[in-house]
Amino acid sequence: MRNKLIIISSLVLMVIIGFFGHDWVTHTNNNQAKIQNSRMAPIIFIPGSSATINRFDNLLNKLNNPKSAHSILKVQVNTDGKLVYSGHIRANDEQPFIVIGFQNNQDGYDNIKKQYRWLNTAMADLQERYHFRNFQAIGHSNGGLIWTGFLENYYSSDSFNITTLMTLGTPYNFSEVTLARRTVMLTDYINKSKKLPKGLSVYSIAGTEDYTDDGIVPVQSVIAGKYIFQKHVKAYTQITVSGSDAQHSSLPENSEVVSLIQEYLLANADTTGRPTP
């Protein structure tokens, strides 16, 4: 009698597992089909330390116009991993703007490590919701460090295809004014640079008030990014902007930066998010 009960229970359990297993496989296959067929290729923005998801509002207003209005979605990742969404993505918008920010938005390498782990959480949830594979990325200040950490530690070409990364005033060597002294963070990023996507095009923008720094980040710290990206990605371009609106906090609204975004991320992307010939 006991053996019969064990056999019956095992059969029932197998049926249940088979039912839910089939449902999971069907759901996974449907999601993958939607992702592979998606024409959406968002531009995803990450602000720097102490900045909120509203950091890019002025920039987004400049990039948007009646002839080319992009949806704006904002995501805040709380310290417990919970995601708080605001805004929306309009139906059939193939290149929406998505801003990802963090409840813990403080400076420091330890926090940056947490932030690019939280970015991975946000990216997985965004893909589950909106079924995109292709995207481009912009990071201001530490936002560029967060993107770099994500690409080296969590990014998988099986799940995503990033075509372009633009960083604005990103301190790859923190506050060091000479390339001869490498911080622990810069050394870590260099050591993992082989994990960067091979087809990635990187544009590193430095701002200068006096050709030394942008008021906060030394130019040499921005330039240190070349040791991370050169020879490991498809293309790496260093660009310096100067003038009265090239201070660190003003870089996202700098007219030359806006033009560079329009040229390299907006005008030169087709509906798949890949650069046009």
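Basis of the calculations
Residues numbered from 1 in each chain as written. Predicted model: local features only at pLDDT ≥ 70, side-chain atom pairs only at ≥ 80, totals over all residues. Heavy atoms only, no water. Helix = DSSP H or I, 4+ residues; strand = E, 2+ residues; numbered from the N terminus. Buried < 20%, exposed > 50% of the residue type's maximum accessible area, 1.4 Å probe, protein only. Contact = heavy atoms within 4.5 Å. Phe/Tyr/Trp six-rings, centres within 6.5 Å; stacked < 30°, edge-to-face > 60°. Lys NZ or Arg CZ within 6 Å of the ring centre and 35° of its normal. Polar contact = N/O pair within 3.5 Å; in protein donor to acceptor, adjacent residues only side chain to side chain. Patch = residues over 30% accessible without salt bridge, like charges linked within 9 Å, V, L, I, M, F, W, Y side chains within 5 Å. Areas by Shrake-Rupley, 256 points an atom, 1.4 Å probe, with all protein chains shown as cover. Salt bridge = Lys/Arg side-chain N within 4 Å of Asp/Glu carboxyl O.

Regarding the side chain of Ser193
Here Ser193 shows up in the loop between α5 (184-191) and β7 (201-208). In this structure Ser193 comes out as buried when scored by relative accessible area, which is 3%. Ignoring anything within four residues of it in the chain, the contact list for Ser193 reads Glu152, Ile228 and His232.

So, the side chain of Asn134
Position of Asn134 among the secondary structure elements: in strand β5 (residues 134-140). The class for Asn134 is buried, based on a relative accessible area of 5%.

A short note on the environment of His232
Here His232 shows up in the loop between α7 (226-229) and β8 (235-242). The exposure class of His232 is buried, given its relative accessible area of 19%. Separated by 34 residues in the primary sequence, His232 and Lys198 have C-alpha atoms spaced 6.2 Å apart. Excluding its chain neighbours within four sequence positions, the residues that come into contact with His232 are Ser193, Lys194, Leu196, Pro197 and Lys198.

Section: the packing of aromatic side chains
In this description, an aromatic ring pair is defined by two values, namely the gap between the centres and the angle between the planes. Scanning the entire structure with this criterion turns up 13 aromatic pairs. With 5.6 Å between their ring centres and 85 degrees between their planes, Phe45 and Phe97 make a pair best called edge-to-face. In this pair, Phe45 sits in strand β1 (residues 43-46) while Phe97 sits in strand β4 (residues 97-102), placing the two residues 52 residues apart along the sequence. On the accessibility criterion, Phe97 (0% relative accessible area) is buried. Between Phe229 and Tyr236, the aromatic rings sit 6.0 Å apart at their centres with planes inclined by 10 degrees, giving stacked as the arrangement. When sorted by exposure, Phe229 lands in the same class as Tyr236, which is buried. One aromatic cluster in this structure is built from Phe132, Phe135, Trp147, Phe150, Tyr155 and Phe160. Looking at Lys113, its charged tip hangs above the ring of Tyr109, at a distance of 4.4 Å from the centre. Sitting above the plane of the Tyr85 ring, Arg129 keeps its charged end 3.8 Å from the centroid.

Thoughts on the environment of Asn134
For the pair Asn134 and Met40, spaced 94 residues apart in sequence, the C-alpha separation works out to 7.2 Å. Side-chain polar atoms of Asn134 contact the side chain of Asn161, separated by 2.8 Å.

Quick look at a nonpolar patch on the surface
A contiguous nonpolar surface patch, about 330 Å² in accessible area, is contributed by Ile7, Leu11 and Met14. Assignment of secondary structure puts Leu11 in helix α1 (residues 2-37).

A closer look at the pattern of salt bridges
The full count for this structure, using the stated rule, is six salt bridges. Salt-bridge contacts for Arg39 lead to Glu94; the nearest nitrogen and oxygen are separated by 3.2 Å. On the criterion of sequence distance, the pair formed by Arg39 in the loop between α1 and β1 and Glu94 in the loop between β3 (83-87) and β4 is long-range, its members being 55 residues apart. Owing to a relative accessible area of 29%, Glu94 belongs among the partly exposed residues under this scheme. Linking Arg181 and Glu176 is a salt bridge whose minimum nitrogen-to-oxygen distance equals 2.8 Å. When its relative accessible area of 22% is taken as the criterion, Glu176 is described as partly exposed.

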